[in-house]
There are 2 protein chains.
Amino acid sequence: MTASLTTCDRILDAAEQLFAEEGFHATSLRQITQAAEVNLAAVNYHFGSKQALILAVFRRRLDALNKARLERLEQSLSDEQAPDLEEILDAFIVPALALTHGSAENGHPFMRILMRAFADRDDQLHRALSAEYAHVMRRFAGAIATALPGVEEKQLRRQLDFIVGALTHTMSECSAKDARAIADDLVQFAAAGLRSAVSVPSVDGAVRTLEIHS
Amino acid sequence: MTASLTTCDRILDAAEQLFAEEGFHATSLRQITQAAEVNLAAVNYHFGSKQALILAVFRRRLDALNKARLERLEQSLSDEQAPDLEEILDAFIVPALALTHGSAENGHPFMRILMRAFADRDDQLHRALSAEYAHVMRRFAGAIATALPGVEEKQLRRQLDFIVGALTHTMSECSAKDARAIADDLVQFAAAGLRSAVSVPSVDGAVRTLEIHS
DNA sequence: ATAGTATTAAAACAACTGTTTGAATCGAAC
DNA sequence: GTTCGATTCAAACAGTTGTTTTAATACTAT
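Residues numbered from 1 in each chain as written. Chains lettered and ligands numbered in written order. Predicted model: local features only at pLDDT ≥ 70, side-chain atom pairs only at ≥ 80, totals over all residues. Heavy atoms only, no water.

**Quick word on the nonpolar core**
With 146 residues, the main nonpolar core has A:Leu53, A:Leu89 and B:Leu53 as its most contacted residues. Here A:Leu53 is in contact with A:Ile11, A:Leu12, A:Ala15, A:Phe19, A:Leu29, A:Ile32, A:Val43 and A:Phe47, once residues within four sequence places are set aside. (Core = buried A, V, L, I, M, F, W, Y, C linked by side-chain atoms within 4.5 Å. Buried < 20%, exposed > 50% of the residue type's maximum accessible area, 1.4 Å probe, protein only. Contact = heavy atoms within 4.5 Å.)

Written as structure tokens, this is what we have:
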């Protein structure tokens, strides 16, 4: 089964799994190469160093995630009707479901890796993360700002961080069968939160949106 | 300055800082003891092992956080008026601001540690985390369920996870001066998200709460 | 078949890991 | 001043780390 994959892919798969479970530094190259059933030196031969392997594992999924998110967003934006908030949030959140790799019963491995990348102070990782991530975040922030006129930019950035945090945190340890329900709940949750920034609560606890013309 | 602290506290402080920056396994005892300006053997003398030190660093802040959260919640619940959603969320979120330790300009170190603890598959850490955390989460879930009748339990659990994820993610890398604004934004964001679970969107995009009697 | 390149394999490298040991040092109580 | 427990210290332990090296193998184009 996995024996048909190339050495590089076997290493990437094993490394992703182990990095997610144990962390980058806590995982040794010997663990990785043993799980991938390849020789120890193969990592340094194909990737150059452990650090380069970390970046490769990281980029492989993030590239795919970014691509899926942007494609879905562009499709919504190209519709005759301007997309509503839920549609934009869907484009951001739902592609994360596809990251479930292999028989990932105990959470999305890459979401765990993403959490670790955020928590680490590894400059190279942070540069790689923001170099790829920032562009996508800007795109979504713009789309949301259009669908939700009147929202303040700084606050919108913060709210997007809330959504990213909620997504990575919950997806990192959910079972594969719960992921769909979580995504739907999060879209609804986030949409309400975003709308609350341009609305004022009334006395009876109900919420009424403000009309703001630019 | 730091020389007046006991050896144990110096170790805990240095370990917390380094664990937050580099991770548990990536931080060596020699880094810690050097930063704390104590002898290498002091860690094993005072804590027994590196793993025990990790748990000690972890518990020190989490105990304080739990205590502050519950005290604030009980105070709200004991008022003559039943607390509204924002008050409950305040009790959960605002105490996290106090975790800023020392001159933490680049994020709350403990929030980074909490992210790592969630991401790790370390059984001891997970046991310690849920043993202390679950009780508090149950308490808040109950309070919210009372303030927001009609919310489904499973969905409420998920939404609490959203809030925890958003809180740890944003607080872990915010500057100390932004923390307050983030907390306020998150309270508003989360309250709107929670309320959306017991309301239905109407055609014009406005939101009207449902009245549900038990 | 043969030359040449890409890949894999086993072994060794120096550096670093957490932990343990036994002696030195401190600070009170008597 | 002396004794005794608590703490600190320098040194060494066995084991693991990422990386490099050198030889063997597999594969492709001629």
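**Regarding the interface of chain B and chain A**
Many authors give the size of an interface as the accessible area that is lost as the parts come together. With 41 residues of chain B at the interface, the matching set in chain A holds 41 residues. In terms of surface lost to chain A, no three residues of chain B exceed B:Arg121, B:Phe162 and B:Phe189, which account for 19% of the buried area on that side. Across the contact surface, chain B and chain A share seven salt bridges. The partner of A:Arg121 in a salt bridge is B:Glu21, and the shortest N-O contact between them spans 3.6 Å. Our enumeration of links across chain B and chain A arrives at 14 residue pairs in polar contact (both at pLDDT 80 or more). Broken down by class, the residue content of the side of chain B that touches chain A amounts to 19 nonpolar, eleven polar and eleven charged. (Buried area = accessible area lost by both parts, 1.4 Å probe. Salt bridge = Lys/Arg side-chain N within 4 Å of Asp/Glu carboxyl O. Polar contact = N/O pair within 3.5 Å; in protein donor to acceptor, adjacent residues only side chain to side chain. Nonpolar A, V, L, I, M, F, W, Y, C, P; charged D, E, K, R; others polar.)

**Focus: the protein's contact with DNA strand C**
In the region of DNA strand C, 15 residues are neighbours, and A:Thr7, A:His46, B:Leu29, B:Arg30 and B:Lys50 sit closest. Of what DNA strand C places within 4 Å of the protein, 48% of the atoms are sugar or phosphate. Separating a phosphate oxygen of DNA strand C from a side-chain N or O atom of A:Thr7 is a distance of 2.3 Å. Contact distances for DNA strand C include 2.6 Å between a phosphate oxygen and a side-chain N or O atom of A:His46. Elements represented by at least two residues in the surface near DNA strand C include exactly helix 3 (41-46) of chain A together with helix 2 (29-36) of chain B. (Near = heavy atom within 4 Å. Helix = DSSP H or I, 4+ residues; strand = E, 2+ residues; numbered from the N terminus.)

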